[in-house]
Amino acid sequence: MAGSETSTGYAHPEVLVETDWVADHLHDADIRLIEADEDVLLYELGHIPGAVKLDWHVDVQDKYSRDFIDQQGFEQLMSRWGITNDTTIVLYGDKNNWYACYAFWLFSMYGHARMKVMNGGRAKWEAEHRPMTREVPHYEPTRYKAQPMDESARAFRDEVLLGLKNPGRRLIDVRSPQEYSGELIHMVNYPQEGAQRGGHIPGAKNIPWATAANPDGTFKSAEELRQIYGSNDVTPDKEVVTYCRIGERSAHTWFVLTKLLGYPRVRNYDGSWTEWGNLVRSPIEK
Amino acid sequence: MDRQEAIEFLVDHYENPRNKGEIEHPDVNLSGGNPGCADVITMQARFNPEGKLEEVAWHGEGCTISQAAASYVSELVQGMTPEEIEEMSFEDLMDQLGRELVMTRPTCATLALGTLKRGVHEFVMKQKAKQSDIA
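All of the points below concern the structure found in this document. (Residues numbered from 1 in each chain as written. Chains lettered and ligands numbered in written order. Predicted model: local features only at pLDDT ≥ 70, side-chain atom pairs only at ≥ 80, totals over all residues. Heavy atoms only, no water.)

Along chain A, the regular secondary structure elements total 10 helices and nine strands. When the backbone C-alpha atoms are referred to their principal axes, chain A occupies close to 55 × 45 × 35 Å. Counting only residues that meet the buried cut, chain A has 58% of its 286 residues in that class. Put simply, 75% of the contacts in chain A that link residues at least 6 apart link residues at least 24 apart. Of the accessible surface of chain A, which amounts to about 12,300 Å², a share of 49% is contributed by carbon and sulfur atoms. (Helix = DSSP H or I, 4+ residues; strand = E, 2+ residues; numbered from the N terminus. Buried < 20%, exposed > 50% of the residue type's maximum accessible area, 1.4 Å probe, protein only. Contact = heavy atoms within 4.5 Å. Areas by Shrake-Rupley, 256 points an atom, 1.4 Å probe, with all protein chains shown as cover.)

Below, the structure written as structure tokens:
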């Protein structure tokens, strides 16, 4: 896949492709485009030809437990989209690829090796007046074999609690400053999802997730990203845990740190504030 | 209405907005927005001498759900009295729009109705003040 890589000094440039690369590979049977949006209506209004829709509310969530679909569920999802273990998945979406990165994080835990994110996402594709369609593609089901979930990219509450006094760990709260300070316990314009307390996990640095994106939705350069995180003492030698409200915004930061900057030990605490803010006697700072 | 039907219902309202525009001599003319969000909706309404809604219009910008919901609300309130509009329930609106779909964006889904209700309430208060002045 020569020519697929961006040249901005990222640690793993192979995980990013530009819009022109996607345009050149629209008819490549070995590539499956997946649109993952926060705005649930966008795909139906038009999407990149051949792209399937990831509806994060229903496709990747366990129906009963607060957890993700299991290995079998993931295999069924991939099969439904006609994806084989050798397919290259290209994720893209709205709002700086917020949910595209969330999907990348989740899919990587089930071991899908060939994945990329389209830099700039849906907004950049549209801004460049590239083709869109309302035609929903149908693909022949495949026999997909996923790995058991590798949870090394995922942090759980007990681990977060145990690490509070670890001087080598950095917590990044990627929510807005208003959520970090406890003024709000949800994003502006989003529902209050049940957190009983506001504030942040003690010691967490507040680096809002979208800081990593340019106005056009592309990722900032490696140099700019290193400055953003490094100036907050979040460096590659540290163990890093990211969190937000339910773990989706923080998956974006996980992607940036892990794939673009090459930090070796980053985990996303997807329980995030809706779990921590409800835990009896969990320590909180404001 | 299942999830996909709800999506198609909202997409239809978003792409073919009902009553979008402006009306002349509105009794109600109020703008509302979500702080920190790009959703802005202006609701206009005019009532006839019998006290029923004669014409309603809206315009604004924002996310797909806020715009689709504004279109739907403008259909829903046809022929209603101010009191009936004031009594409309946000919860019922969420159900009609497809609760499962809009529950993650309730303030977007209810922005148009909330703005209209506030505007209608102001109109009713002004009417009452006028009547008491006359009395």
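With 13 residues, helix α1 (residues 3-15) of chain B extends 18 Å between its outermost C-alpha atoms, agreeing within 8% with the 18 Å of an ideal straight helix rising 1.5 Å per residue. Of all the positions in α1(B), only B:Arg3, B:Ala6, B:Ile7, B:Leu10, B:Val11 and B:His13 are classed as buried. All buried residues of α1(B) fall inside an arc of 165° around its axis, so they share one side. As for α1(B), its buried residues are in contact with α2 (42-45) and β3 (52-54) of chain A together with α2 (64-76), α4 (90-97) and α5 (99-102) of chain B. Looking at where α1(B) begins, the residue whose side-chain oxygen comes 3.1 Å from the main-chain nitrogen of B:Gln4 is B:Asp2. (Expected span 1.5 Å × (residues − 1). Arc of directions from axis to C-beta. Polar contact = N/O pair within 3.5 Å; in protein donor to acceptor, adjacent residues only side chain to side chain.)

The next point concerns the pattern of salt bridges. Throughout the structure, instances matching the rule amount to 32 salt bridges over all chains. When the shortest N-O distance is used, the salt bridge between A:Lys238 and A:Asp233 registers 3.6 Å. Classification of A:Asp233 as partly exposed rests on a relative accessible area of 32%. Residue B:Asp95 pairs with B:Arg99 through a salt bridge whose shortest N-O separation is 2.7 Å. (Salt bridge = Lys/Arg side-chain N within 4 Å of Asp/Glu carboxyl O.)

Okay, the packing of aromatic side chains next. Geometry of an aromatic ring pair is reported as the spacing of the ring centres plus the angle between the planes. Residue and element names in this part refer to chain A. In the structure shown here, the tally under the stated rule is 16 aromatic pairs over all chains. Relative to Trp209, the ring of Trp98 has its centre 5.2 Å away and its plane inclined at 40°; by these criteria the two rings are tilted. With Trp98 in helix α4 (residues 98-109) and Trp209 in the loop between β7 (205-206) and α8 (222-230), the pair connects residues that are 111 residues apart, well separated along the chain. In this structure, Arg32 packs its charged tip against the face of Tyr139, placed 3.5 Å from the ring centre. Positioned above the aromatic ring of Trp125 is the side chain of Arg130, whose terminal nitrogen or guanidinium carbon lies 5.5 Å from the ring centre. (Phe/Tyr/Trp six-rings, centres within 6.5 Å; stacked < 30°, edge-to-face > 60°. Lys NZ or Arg CZ within 6 Å of the ring centre and 35° of its normal.)

Another aspect to go through is empty space enclosed by the protein. Residue and element names in this part refer to chain A. In total, this model carries two cavities of 30 Å³ or more according to the counting rule given. If you add up the space inside the second largest cavity, you get close to 40 Å³. What lines the second largest cavity is simply Glu35, Asp37, Asp39, Val40, Lys53, Leu54, Asp55 and Trp56. Of the residues belonging to the lining of the second largest cavity, the class tally is three nonpolar, no polar and five charged. (1 Å grid on protein atoms, 1.4 Å probe; cavity = no way out; pocket = protein on both sides within 12 Å on 5 of 7 lines; lining within 4 Å. Points joined across faces, edges and corners; volume = space filled by probe spheres on them. Nonpolar A, V, L, I, M, F, W, Y, C, P; charged D, E, K, R; others polar.)

Going through the model one piece at a time under the given rule, you end up with zero disulfides over all chains. Cysteine B:Cys63 remains unbridged, with the sulfur of B:Cys108 as its closest cysteine sulfur at 3.7 Å. (Disulfide = S-S within 2.5 Å.)

Before going further, it helps to spend a moment on the interface of chain A and chain B. Taken together, the contact pairs 17 residues of chain A with 23 residues of chain B. Taking both partners together, chain A and chain B bury about 1,600 Å²; carbon and sulfur atoms supply 58% of that area. In this structure, the salt-bridge partner of A:Glu38 is B:Arg105, at a minimum N-O distance of 2.8 Å. The greatest single-element share of the side of chain A that touches chain B, amounting to three residues, is contributed by α2(A). Considered class by class, the residues forming the side of chain A that touches chain B number eight nonpolar, two polar and seven charged. (Buried area = accessible area lost by both parts, 1.4 Å probe.)

This brings us to the sheet that holds strand β1 (residues 16-17) of chain A. All names here are of chain A. Pairing within the open sheet is parallel, and its five strands lie in the order β1-β5-β4-β2-β3. At either margin of the open sheet sits one strand with a lone partner, and together these are β1 and β3. Contacting β2 (31-36), β3, β4 (88-92) and β5 (115-118), α4 runs over the sheet at an angle of about 150° to β4. (Pairing = 2+ DSSP bridges. Axes fitted to C-alpha atoms, helices over the stretch in contact; angles between N-to-C directions.)

A word on the pairing of strand β3 (residues 53-61) of chain B. Residues and elements named next belong to chain B. Inspection of the sheet shows strand β2 (residues 40-47) paired to β3 by eight bridges, in the antiparallel sense. The partner of Met43 across the bridge, within β3, is Trp58. Between β2 and β3, which pair antiparallel one after the other, the connecting turn spans five residues, and Gly51 there sits at a positive phi close to 85°.

Glancing now at the sheet that holds strand β8 (residues 239-243) of chain A. All names here are of chain A. Pairing in this open sheet of four strands is parallel, and the strands run β7-β6-β8-β9 from one edge to the other. Lying at the two open borders of the sheet, with one neighbouring strand each, are β7 and β9 (266-268). As paired elements, strand β6 (residues 169-173) and β8 share five bridges and run parallel to each other. Bridge pairing in β8 places Leu171 opposite Val241. Along the sheet, helix α9 (residues 249-260) makes contact with β6, β8 and β9, crossing β9 at roughly 165°.

So, on to the pairing of β2(A). Residue and element names in this part refer to chain A. The buried count for β2 comes to six of six residues, which makes it a mostly enclosed element. Here β2 shows no split at all, with Ile31, Leu33 and Glu35 on one side and Arg32, Ile34 and Ala36 on the other all buried. Across five bridges, β2 lies against β4 in parallel orientation. Counterpart to Leu33 in the pairing with β4 is Val90. As judged from the three bridges shared by β2 and β3, these two strands associate in the parallel manner. Counterpart to Ala36 in the pairing with β3 is Leu54.

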